[in-house]
Amino acid sequence: MALKTVGDQGRLTSAGYRSAGTLYQELLDQDSRPVPPVLRLESPIEPGVTRVPAEQYFSKAMHDREVEKIWKRAWQMACREEDIPNVGDYIVYDIAHLSFLVVRSAPDRIQAFHNACLHRGRQLREFDGRGAQEFRCPFHGWCWEIDGSLKEVVCQWDFPEVNERDYRLPEVQVGTWGGFVFINPDPDAEPLEQFLGDLPRHFERWDLANRFKQAHVAKILRCNWKVAQEAFMEAYHVVATHPQLLNGIGDSNSQYDVFGNFSRAITPNGTPSPHLRDTPGQQDMLDAMFDRNLDTPPLAEVPPGMGARQFAAMLSREGMRAVIGDDADTYCDAEYLDSIYYTVFPNFHPWGAFNRITYRFRPHGDNPDECIMECMFLAPWPKGEPRPPAAPIHWLGPDDDWADAPELGMLARVFNQDTFNIPKVQLGLKTMRRPEVVFASYNETKIRHFHQLYDRWMELE
Amino acid sequence: MADPHAEPAPLTRPPRKKRHPLSGAIYEELPGNRVRVIKGEAYGIFDGFTTRHLEGPLTYADPHMIIWVGGKAVEGMGHRAERARGLEIVHD
Ligand code: FES
Ligand SMILES: [Fe+2]
């Protein structure tokens, strides 16, 4: 007997099974402005479900293997260039038990070093800092220039074999893209440009280098880093986790694509969920987007003859005009409204167009049951004005509420819904009768794509 | 120590109140971090943070709707001008 399908009944298209709702490309046909080719791109993953052993999310052996196979070998976003604007500014980038010092060593040069003294191994720095002129180890005082050359050894006469050539701080590869600094501990890794492939072309219209970091919130979560990031890689969960959005969000009719080392989802806003029995009115859609409460007046009213999607895009466009001037007219409705969320393997999630989000997820030390989730807001600033300073990291503990970070606005409460699930996922994974999880052929494209790459990097195939 | 039987402080803003788009149940914020859910003839009152059932014949309701209607408010939110400008559309 066939299972009963709740809500969206689906349909067979030439590309395989898809939502019964309006498909994203059909929605783009209704845009009030020309739609850029990047949104017209379609590159679906091959159909099929993906099963993943539950222990990948909690086993310490898996975590240790990730350190060896991924964190020591993959390109990973360490910070923003604007986090270290001046010579001598540095950040400490920690991943599992590895630690790196990323420093601006000259106006146009960023270097990264293993964060450990070559004498007896003490970490050189535990915290980010500004304007360093040298890195002197707090234990016995060995000292390096900020470009990694050995500057001073206390009682050098006692170390006849320690010389400048062999005792430079060991360096790791550095690359930049979109205003982000990436590092790679593997000296034989392919260049960042090659690893990113077409990604820069996708972001041509949405130059993240010309955004400033308006907010940066980091929170410790009680779950594996993959459990956390996978909760932000699909819109399939919206129907159950964010029901308040359903009148104004295209969840099961989102579009998903894969491209080499990255993937993309596009979730349209200002259009109803295909799960709804009755199509909501245009004002209902707008009210859902603005989180209107019952018995309160609407924040804005859809003018007669206009759709919610077009009207909300117009409001966004006019809001953006105050910042970017009449360039605001060169972007289409979809660029103002839709959630366009990329994932670059293994853990970097920049969003396209004007949604300001970038996420990063990483293990919290060597505990496979904990991770660090970060959300940055990257925003444009008014032309002709100096770049505003980058926001420092606002840390939240595992029991803190996202609403304690008001700089996230309404997103804080949306995150509360997402992170309400994930510690319970971490527990459930350990008590499953059949210890594996299963990912949807299309709606969980990005996660399936991640696991294809993950298996390859982890040499699990 | 605070008196556990004292009336909770009233809300200083209009309560959050939503109709569930799938079930049609009404979720309404009450003082003291609680949420009342009315579904058909039945009602239940739930803790707005943990979603635990507190009273009433309805013992289970959508936990994500409960924490959306309950839960901590974001300071400075509801700034209408800012949100109506479209900069605070609630995305997933
Ligand atoms: S329905 Fe997805 S984890 Fe239960
Ligand atoms: Fe979510």
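Reading the values: rules and limits
- Residues numbered from 1 in each chain as written.
- Chains lettered and ligands numbered in written order.
- Predicted model: local features only at pLDDT ≥ 70, side-chain atom pairs only at ≥ 80, totals over all residues.
- Heavy atoms only, no water.
- Contact = heavy atoms within 4.5 Å.
- Buried area = accessible area lost by both parts, 1.4 Å probe.
- Salt bridge = Lys/Arg side-chain N within 4 Å of Asp/Glu carboxyl O.
- Polar contact = N/O pair within 3.5 Å; in protein donor to acceptor, adjacent residues only side chain to side chain.
- Nonpolar A, V, L, I, M, F, W, Y, C, P; charged D, E, K, R; others polar.
- Buried < 20%, exposed > 50% of the residue type's maximum accessible area, 1.4 Å probe, protein only.
- Helix = DSSP H or I, 4+ residues; strand = E, 2+ residues; numbered from the N terminus.
- Pairing = 2+ DSSP bridges.
- Axes fitted to C-alpha atoms, helices over the stretch in contact; angles between N-to-C directions.
- Phe/Tyr/Trp six-rings, centres within 6.5 Å; stacked < 30°, edge-to-face > 60°.
- Parallel < 35°, antiparallel > 145°, perpendicular 65-115°, else oblique.
- Domains from an automatic or database assignment.
- pLDDT = per-residue confidence, 0-100.

Colleague: So what exactly am I meant to see when it comes to the interface of chain A and chain B here?
Modeller: You'll often see interface size given as the accessible area lost when the parts meet. On the chain B side, the residues contacting the 52 residues of chain A number 38 residues. With both sides pooled, the region where chain A packs onto chain B buries about 3900 Å², and carbon together with sulfur makes up 59% of that total. At the surface where chain A touches chain B, the tally comes to 3 salt bridges. We note a salt bridge from A:Asp404 to B:Lys72, for which the minimum N-O separation is 2.5 Å. Here chain A is connected to chain B by 15 residue pairs in polar contact (both at pLDDT 80 or more). Within the side of chain A that touches chain B, the residues separate by chemical class into 25 nonpolar, 17 polar and 10 charged.

Colleague: Just checking my understanding: could you explain the pairing of strand β18 (residues 357-364) of chain A for this structure?
Modeller: Along any regular strand the residues' side chains alternate between the sheet's two faces. All names here are of chain A. Within β18, 7 of the 8 residues are buried, which leaves the element mostly enclosed by the surrounding structure. Sheet topology places strand β17 (residues 348-350) next to β18; 3 bridges connect them, and they run antiparallel. The residue of β18 that forms the bridge with Pro 350 is Thr 358. Here β17 folds back onto β18 in antiparallel fashion, the turn holding 6 residues, of which Ala 353 has a positive phi close to 60°. When β18 meets strand β19 (residues 367-379), the two strands line up antiparallel, connected through 8 bridges. Looking at the pairing, Phe 361 lines up with Met 373 of β19. Once β18 ends, the chain turns through 2 residues before running back antiparallel as β19, passing Gly 365 with a positive phi of about 60°.

Colleague: What am I meant to see in the pattern of salt bridges here?
Modeller: Pairing between side chains of opposite charge can happen when the charged atoms of each approach one another. All names here are of chain A. This model, assessed by the stated rule, comprises 40 salt bridges over all chains. Between Asp 89 and Arg 130 there is a salt bridge whose closest N-O contact spans 3.1 Å. Of this pair, Asp 89 sits in the loop between β4 (76-80) and β5 (90-95) while Arg 130 sits in the loop between β7 (109-114) and β8 (134-136), and the two are 41 residues apart along the sequence. For Asp 166, the salt bridge is made with Arg 165, and the minimal N-O distance between the two is 3.3 Å. By relative accessible area, which is 43% here, Asp 166 ends up partly exposed. In this structure, a network of salt bridges that share partners links the residues Arg 33, Glu 318, Arg 321, Asp 326 and Asp 329.

Colleague: What is the right way to read the sheet that holds β5(A) from this model?
Modeller: The pairing of strands in a sheet comes from backbone hydrogen bonds and takes either a parallel or an antiparallel form. Residue and element names in this part refer to chain A. Read across the open sheet, the 6 strands follow the order β4-β12-β11-β7-β6-β5; overall the sheet is antiparallel. At either end of the open sheet lies a strand with only one pairing partner, and these are β4 and β5. Taking each pair of neighbouring strands and ignoring which way they run, the sheet shows an average axis angle of 30°. Strand direction decides the pairing type here: β5 and strand β6 (residues 98-106), joined by 6 bridges, are antiparallel. Along β6, the bridge assignment pairs Ile 91 with Val 102.

Colleague: Would you take a moment to explain the packing of aromatic side chains for this structure?
Modeller: For any two aromatic rings, the description comes down to two numbers: the centre-to-centre distance and the angle of the planes. Residues and elements named next belong to chain A. For the coordinates displayed, the defined rule picks out 33 aromatic pairs over all chains. Between the aromatic rings of Tyr 90 and Phe 135, the centroid separation amounts to 5.2 Å while the plane-to-plane angle is 90°, which identifies the pairing as edge-to-face. Residue Tyr 90 is found in strand β5, and its partner Phe 135 is found in strand β8; the two are separated by 45 residues along the sequence. Across the pair, Phe 135 and Tyr 90 agree in class, each one buried. Judged by centre distance (4.8 Å) and plane angle (55°), the rings of Phe 203 and Tyr 342 are tilted.

Colleague: Just to check I follow, could you spell out the side chain of A:Asp83 for this structure?
Modeller: All names here are of chain A. On the secondary structure map, Asp 83 appears in the loop between β4 and β5. Of note is the side chain of Asp 83, whose polar atom sits 2.9 Å from the backbone nitrogen of Arg 80. For Asp 83, the side chain forms a polar contact with the side chain of Lys 213, separated by 2.6 Å. Once residues within four sequence positions are removed from consideration, Asp 83 is found in contact with Ile 91, Arg 130, Lys 213, Ala 390 and Ala 391.

Colleague: Whenever I open this one, the packing of helix α3 (residues 60-71) of chain A against helix α12 (residues 445-458) of chain A confuses me. Can you help?
Modeller: In a packed pair of helices, the relevant descriptors are the angle between the two axes and the axis-to-axis distance. Residue and element names in this part refer to chain A. Axis separation between α3 and α12 bottoms out at 9 Å; the angle between their running directions is 80°. Relative to α12, the element α3 is oriented roughly perpendicular. Counting all contacts with α3, which are made through Met 62, Arg 65, Glu 66, Lys 69 and Ile 70, the residues of α12 involved are Tyr 454, Trp 457 and Met 458. Classifying every residue of the contact of α3 with α12 gives 5 nonpolar, no polar and 3 charged.

Colleague: What exactly am I supposed to notice about the domain arrangement of chain A here?
Modeller: Residue and element names in this part refer to chain A. Taken as a whole, chain A is organised into domain 1 (21-60 + 205-458) and domain 2 (76-188). A separation of 34 Å is found between the C-alpha centroids of domain 1 and domain 2. Tallying the contact residues gives 17 residues for domain 1 and 16 residues for domain 2. Summing the contributions of domain 1 and of domain 2, the shared interface buries around 1400 Å²; its carbon and sulfur component is 60%. For domain 1, the biggest contributors to the area lost against domain 2 are Phe 348, Arg 360 and Arg 362; these three give 33% of the whole.

Colleague: Would you mind showing me how to read the pairing of strand β13 (residues 212-221) of chain A here?
Modeller: Residues and elements named next belong to chain A. Buried residues dominate β13, accounting for 9 of its 10 residues. Relative to strand β20 (residues 394-396), β13 runs parallel, the two sharing 3 bridges. Bridging from a neighbouring strand, Ala 218 pairs with Trp 395 of β20.

Colleague: Explain the sheet that holds β8(A) to me, please; I cannot follow it from the model alone.
Modeller: Residues and elements named next belong to chain A. Pairing within the open sheet is antiparallel, and its 3 strands lie in the order β8-β9-β10. The open sheet terminates on both sides in strands that have one partner only, identified here as β8 and β10 (150-152). Each neighbouring strand pair of the sheet contributes to a mean axis angle of 30°, computed without reference to strand direction. Taken together, the 3 bridges between β8 and strand β9 (residues 143-145) define a ladder with antiparallel strand orientation. Note on β9: the bridge partner recorded for Phe 135 is Trp 144.

Colleague: Where do I start with the confidence of the model for chain A in this structure?
Modeller: Summing up the model confidence of chain A, the mean pLDDT is 97 and the portion of residues at 70 or higher is 100%. Here helix α9 (residues 308-324) of chain A stands out as the least confident element of chain A, with mean pLDDT 95; strand β12 (residues 180-184) of chain A is the most confident, with 99.

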